[in-house]
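# Residue-level structure breakdown
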Amino acid sequence: MLKELSEIGQAEQARRKPLQLRCCQAAGCLSAHGEELASALESQMDDHSEVLRVGCLGLCSQGPLVCADGPAGSFLFEKVKPDQAAEVVAAARGQQRPGLQLGDLSHPFFVRQHKIVLEGSGQVEPERIESYLARGGYQALQRVLHELKPAEVIEAVTRSGLRGRGGAGYPTGLKWSLLAKASQPQKYLICNGDEGDPGAFMDRSVLESDPHRVLEGMALAAYAVGANRGYLYVRGEYPLAIRRLQIALKQAKKYGLLGSAILDTNFNLQLELRIGAGAYVCGEETALIASIEGKRGMPRPRPPYPPEKGLWDCPTLINNVETFANIPAILSRGADWFASIGTERSKGTKVFALAGKVLNTGLVEVPMGTSLRTIVEEMGGGSPGRSIKAVQTGGPSGGCVPAAELDTPVDFEALQKLGSIMGSGGMIVMDQADRMVDVARYFVQFSMEESCGKCVPCRAGTVQMHRILTRLCDGQASPADLEQLEALCDMVGATSLCGLGQNAPNPVISTLRFFRHEFENGVKHGS
Ligand SMILES: Cc1cc2nc3c(=O)[nH]c(=O)nc-3n(C[C@H](O)[C@H](O)[C@H](O)COP(=O)(O)O)c2cc1C
Ligand code: SF4
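Owing to the predicted nature of the structure, the values given are computational and were not obtained by experimental measurement.

We now examine the site of ligand 1. Looking at ligand 1, there are 18 residues lining it, with Gly166, Lys175, Glu195, Asn320 and Thr323 nearest. The side chain of Asn192 places a nitrogen or oxygen atom 3.0 Å from an oxygen atom of ligand 1. One nitrogen or oxygen atom from the main chain of Gly283 is found 3.3 Å from a nitrogen atom belonging to ligand 1. When isolated, ligand 1 has an accessible area of 610 Å², and the protein chains bury 90% of it. Of all the cavities here, the one that holds ligand 1 is the largest pocket. Taken together, the elements giving at least two residues each to the shell around ligand 1 come down to strand S9 (316-320) and helix H21 (499-503). Looking at which element gives the most residues to the shell around ligand 1, the answer is S9, with three residues. Taken together, the residues of the shell around ligand 1 sort by class into three nonpolar, nine polar and six charged.

As a structural note, the neighbourhood of ligand 2 is formed by 13 residues, with Cys452, Lys454, Cys455, Cys458 and Cys498 the closest of them. A molecule is said to occupy a pocket when more than half its atoms come within 2 Å of that pocket's grid points, and by this definition ligand 2 occupies the largest cavity. Across the shell around ligand 2, the residue classes break down as eight nonpolar, four polar and one charged.

What follows is about the sheet that holds strand S1 (residues 19-24). Strand order in the open sheet made by the five strands is S2-S1-S3-S4-S5, with mixed pairing throughout. Among the strands making up the open sheet, the edge pair consists of strand S2 (49-54) and strand S5 (101-103). Strand-to-strand twist in this sheet, taken as the mean axis angle between neighbours without regard to direction, amounts to 30 degrees. Its contacts with the sheet place helix H4 (residues 85-92) against S1, strand S3 (66-70) and strand S4 (73-78), and it is angled at close to 155 degrees to S4.

A word on the packing of aromatic side chains. Per the counting criterion, the structure on display carries ten aromatic pairs. Plain terms: the ring middles of Phe109 and Phe110 are 5.2 Å apart, the flat faces sit at 80 degrees to each other, and that makes the pair edge-to-face. Exposure remark for Phe109: the relative accessible area of 1% places this residue in the buried category. Residue classification places Phe110 among the buried residues on the basis of a relative accessible area of 18%. Ring geometry for Tyr132 against Tyr138: centres 5.3 Å apart, planes inclined by 85 degrees, an arrangement best described as edge-to-face.

The omega angle of the peptide bond from Gly63 to Pro64 is -5 degrees, so this bond is cis rather than trans. Looking along the chain, the bond that leaves Pro303 and enters Pro304 is cis, with omega of 0 degrees. Phi angles above zero are rare outside glycine, and Ala261 is one such case at about 50 degrees. Tracing the backbone through its elements, the reader meets Ala261 in the loop between helix H12 (239-254) and strand S8 (270-276).

Time to look at the nonpolar core. With 71 residues, the main nonpolar core has Trp176, Leu189 and Val214 as its most contacted residues. When residues in this core are grouped by element, the largest group, ten residues, is from helix H11 (residues 211-225). Counting residues domain by domain, this core receives three or more from each of domain 2 (136-339) and domain 3 (349-431). Here Val214 is in contact with Cys191, Val206, Leu207, Leu232, Val321, Phe324 and Ala325, once residues within four sequence places are set aside. By size, the runner-up hydrophobic cluster in this structure holds 32 residues, among which are Cys29, Cys67, Phe352 and Val391.

Let's shift gears to the layout of surface pockets. Volume-wise, the largest pocket comes out at about 1,200 Å³. As for the largest pocket, its lining consists of 45 residues, and the residues nearest its centre are Gly166, Gly167, Ala168, Gly283 and Glu284. Those elements that place two or more of their residues in the lining of the largest pocket are helix H9 (172-181), S9, helix H17 (412-417) and H21. When grouped by side-chain class, the residues that make up the lining of the largest pocket number 13 nonpolar, 22 polar and ten charged. The space that makes up the second largest pocket amounts to roughly 210 Å³. Surrounding the second largest pocket, 13 residues form its lining, Arg22, Leu57, Phe110, Lys115 and Gln123 being those nearest its centre. Among the elements of the structure, S3 and S4 are those that each provide at least two residues to the lining of the second largest pocket.

Turning to the environment of Gly226, a few remarks are in order. Among the secondary structure elements, Gly226 is positioned in the loop between H11 and strand S7 (229-235). For the pair Gly226 and His107, spaced 119 residues apart in sequence, the C-alpha to C-alpha distance is 45 Å.

On to a nonpolar patch on the surface, then. On the surface, Tyr170, Leu174 and Leu178 cluster together to form a nonpolar patch covering roughly 250 Å² of accessible area. With a relative accessible area of 41%, Leu174 lands in the partly exposed category.

Let us now look at the domain arrangement of the protein chain. Its domain assignment divides the protein chain into domain 1 (16-108), domain 2 (136-339), domain 3 (349-431) and domain 4 (436-524). Placing the centre of domain 1 and that of domain 2 at their C-alpha centroids yields a distance of 33 Å. For the pair domain 1 and domain 2, the two sides together bury roughly 440 Å², of which 56% comes from carbon and sulfur. Counting across the interface, domain 1 meets domain 2 through zero salt bridges. Between the two partners, domain 1 and domain 2, sit three residue pairs in polar contact (both at pLDDT 80 or more). A class-by-class count of the residues in the side of domain 1 that touches domain 2 yields five nonpolar, two polar and no charged.

Burial within S7 is extensive, with six of its seven residues counted as buried. The pairing of strand S6 (residues 188-193) with S7 spans six bridges and is classified as parallel. Bridge assignment links Asn192 to a residue of S7, and that residue is Tyr233. In this sheet, S8 lies alongside S7 in parallel orientation, the contact comprising seven bridges. The residue of S8 that forms the bridge with Gly230 is Leu271. As for the winding sense of the linkage, the β-α-β connection from S7 through H12 to S8 is right-handed.

With respect to the helices, strands and loops of the structure, Leu488 is situated in helix H20 (residues 479-495). A sequence separation of 30 residues divides Leu488 from Cys458, and the C-alpha atoms of the two residues are 10.0 Å apart. If near-sequence neighbours (up to four positions away) are discounted, Leu488 is found in contact with Gly461, Gln464, Met465 and Ile468.

Thresholds, definitions, all that
- Residues numbered from 1 in each chain as written.
- Chains lettered and ligands numbered in written order.
- Predicted model: local features only at pLDDT ≥ 70, side-chain atom pairs only at ≥ 80, totals over all residues.
- Heavy atoms only, no water.
- Near = heavy atom within 4 Å.
- Polar contact = N/O pair within 3.5 Å; in protein donor to acceptor, adjacent residues only side chain to side chain.
- Areas by Shrake-Rupley, 256 points an atom, 1.4 Å probe, with all protein chains shown as cover.
- 1 Å grid on protein atoms, 1.4 Å probe; cavity = no way out; pocket = protein on both sides within 12 Å on 5 of 7 lines; lining within 4 Å.
- Sits in = over half its atoms within 2 Å of the grid points.
- Helix = DSSP H or I, 4+ residues; strand = E, 2+ residues; numbered from the N terminus.
- Nonpolar A, V, L, I, M, F, W, Y, C, P; charged D, E, K, R; others polar.
- Pairing = 2+ DSSP bridges.
- Axes fitted to C-alpha atoms, helices over the stretch in contact; angles between N-to-C directions.
- Contact = heavy atoms within 4.5 Å.
- Phe/Tyr/Trp six-rings, centres within 6.5 Å; stacked < 30°, edge-to-face > 60°.
- Buried < 20%, exposed > 50% of the residue type's maximum accessible area, 1.4 Å probe, protein only.
- Core = buried A, V, L, I, M, F, W, Y, C linked by side-chain atoms within 4.5 Å.
- Domains from an automatic or database assignment.
- Points joined across faces, edges and corners; volume = space filled by probe spheres on them.
- Patch = residues over 30% accessible without salt bridge, like charges linked within 9 Å, V, L, I, M, F, W, Y side chains within 5 Å.
- Salt bridge = Lys/Arg side-chain N within 4 Å of Asp/Glu carboxyl O.
- Buried area = accessible area lost by both parts, 1.4 Å probe.
- Right-handed = clockwise from strand over helix to strand, strands pointing away.

Have a look at this one:
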């Protein structure tokens, strides 16, 4: 089997044609006729050229995107229509075609990126395991299963400094070692692909673009912690990610990369897909576990934490999609390599979904410690028309960083100091036309609507906060309202049962801290 896998990868490389057109088939480009475009391009191919149906090429705002690599060089074609297929092929062969919109591959949007999690996105054909194998896929698993003991894998992940990418930044190696110590014979692992933050689509993109990377990361984790069953929990609103995972799971089983006696060893792993119904709270780990168990997705108090008592009361490892996607690279290139990227306490890279009032929207992966200014002004191209007012990070659990703090390096600690969080990677740029009270109200409304209702502070407190914020937005607030709002923030944050309620006040607290005058305007102008 081992020989067979490397032979498949080599055969795949050998059959590559000199001119390759990588046509994005991720959700964004598909929604803009990307499928018709791929078919139209295929109809133009000859013996020396081929179309690769790849995942996300990153610059989603300019889709549908096609990247051409051939003897005439590399080109990025933007906003391509299916009836331009012949022109794209001619341009890719080096002929002048002024009707096409050419992207600038030397733009900071591309060159400032450091791709680890996204290195296969836009390169690999997500529906063909051969394409992943040709890029060295499953080599880390093969080597680890034959050469490393589980404890050595955990040691490498610990030394890499990787911290969970789902929001809280918990050290991954430490979480794995808790699991490994558990004596129960049945352990589970779960990949959290719920991704409910407004504006966030990092995990969806990774699952759509490079699903085998996540499966390989999960298999490595399962081997390290001693789990033999696992689940991928993905929200139902992600049908393409679900379909590609189903295909990937089937292919991995067929090649002996999942199931029994994986890669001719005594390691076994069964992975299954579970589809969530789209409640934001189901991303919270205990609610997610309840949902997999077939119960209503509601959080429960912790401790006990999932590594102690998780799925069906068994020790359970739960990690985010991006966390798992980092693992194959760490184990193939080494912990020291990974630890050399980023800041002292936040290692590696982070994928952000850049959105809002910014020229270039899409996915960017940058080393931890890159400044917000670099991301939104250099890579994002700044805000068209007006100047940037603030950047929201961390979604409904995060906060707004004012433009004056744009030189802040993005890492777990620095954003926390500013009252925001890195969160899972949503990054929304706001300009001078945006009113910060509206922004705070929007996020509180989101938390209010997504509250599961189990505990009073969150269920009732978010409603009260929302009412006051609505009065502030309408200029109808009384002076006591502002005081009441601050008291509610303290109470909801301190007494809610889970992270949803505990963090719901964050967007209010951070906007009050930096834009208090806008809240006061809502009071002064009241009747
Ligand atoms: C309301 C709420 C929603 C969450 N949603 C997600 C999510 O969509 N994806 C995710 O990985 N973690 C989410 N988390 C964090 C998870 O509970 C958990 O910490 C995470 O999956 C652990 O993975 P990591 O260590 O790799 O970050 C959420 C937490 C809360 C409180
Ligand atoms: S804090 Fe909110 S979401 Fe969490 S358990 Fe309480 S009511 Fe449910």
